[in-house]
Amino acid sequence: MVKEDQKFYDHAGVDLSGISRALLINSQNKTIGQGGITIAQQLARNVYLSHDRTYNRKLSELIYAYQIERKKSKPEIMGAVFECHLFQ
């Protein structure tokens, strides 16, 4: 988990540098392969959204992740992510 979101304690659910990197790589490759996803975004995707690789889903994911970060503490978010992984 830590490797996936090294800035977990430093951002509010969205890692703009990770998203920028993913957009650059995706535009160079003309695919949607990179996501620049944070732990809160993973939680949003797994609980509320689909796993479709679309920019529309990514935008929804960003909004949900920001709201999750506003309402939950970092330990609560980590616990919820672990619970999701246990039941998948």
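Throughout what follows, the structure given in this document is the object of discussion. (Residues numbered from 1 in each chain as written. Predicted model: local features only at pLDDT ≥ 70, side-chain atom pairs only at ≥ 80, totals over all residues. Heavy atoms only, no water.)

### Regarding the side chain of Lys74
- As for its position among the elements, Lys74 is in helix H4 (residues 74-86).
- Judged by its relative accessible area of 14%, Lys74 is buried.
- Within polar-contact distance, the side chain of Lys74 engages the backbone oxygen of His11 at 2.9 Å.
- Those residues within four positions of Lys74 in sequence are excluded, and the remaining contacts are Phe8, Tyr9, His11 and Glu69. (Helix = DSSP H or I, 4+ residues; strand = E, 2+ residues; numbered from the N terminus. Buried < 20%, exposed > 50% of the residue type's maximum accessible area, 1.4 Å probe, protein only. Polar contact = N/O pair within 3.5 Å; in protein donor to acceptor, adjacent residues only side chain to side chain. Contact = heavy atoms within 4.5 Å.)

### Considering the environment of Thr54
- You can see Thr54 is positioned in the loop between helix H2 (39-48) and helix H3 (55-71).
- Here the alpha-carbon distance between Thr54 and Ile32, two residues 22 residues apart in the chain, equals 7.2 Å.
- From its side chain, Thr54 meets the backbone nitrogen of Arg57 in a polar contact 3.0 Å long.

### Considering the packing of H2 against H3
- Two elements in contact, H2 and H3, have axes whose closest approach is 8 Å; the angle formed by their N-to-C orientations is 110 degrees. Considering their axes alone, H2 and H3 lie roughly perpendicular with respect to each other. Considering only the axes of H2 and H3, their crossing is right-handed. Only Arg57, Lys58, Glu61, Leu62, Tyr64, Ala65, Ile68 and Glu69 of H3 make contact with H2, whose side of the interface consists of Ala40, Gln41, Leu43, Ala44, Arg45 and Tyr48.
- Here the residues of the contact of H2 with H3 sort into 8 nonpolar, 1 polar and 5 charged. (Axes fitted to C-alpha atoms, helices over the stretch in contact; angles between N-to-C directions. Parallel < 35°, antiparallel > 145°, perpendicular 65-115°, else oblique. Left-handed = near helix turned anticlockwise from the far one by under 90°. Nonpolar A, V, L, I, M, F, W, Y, C, P; charged D, E, K, R; others polar.)

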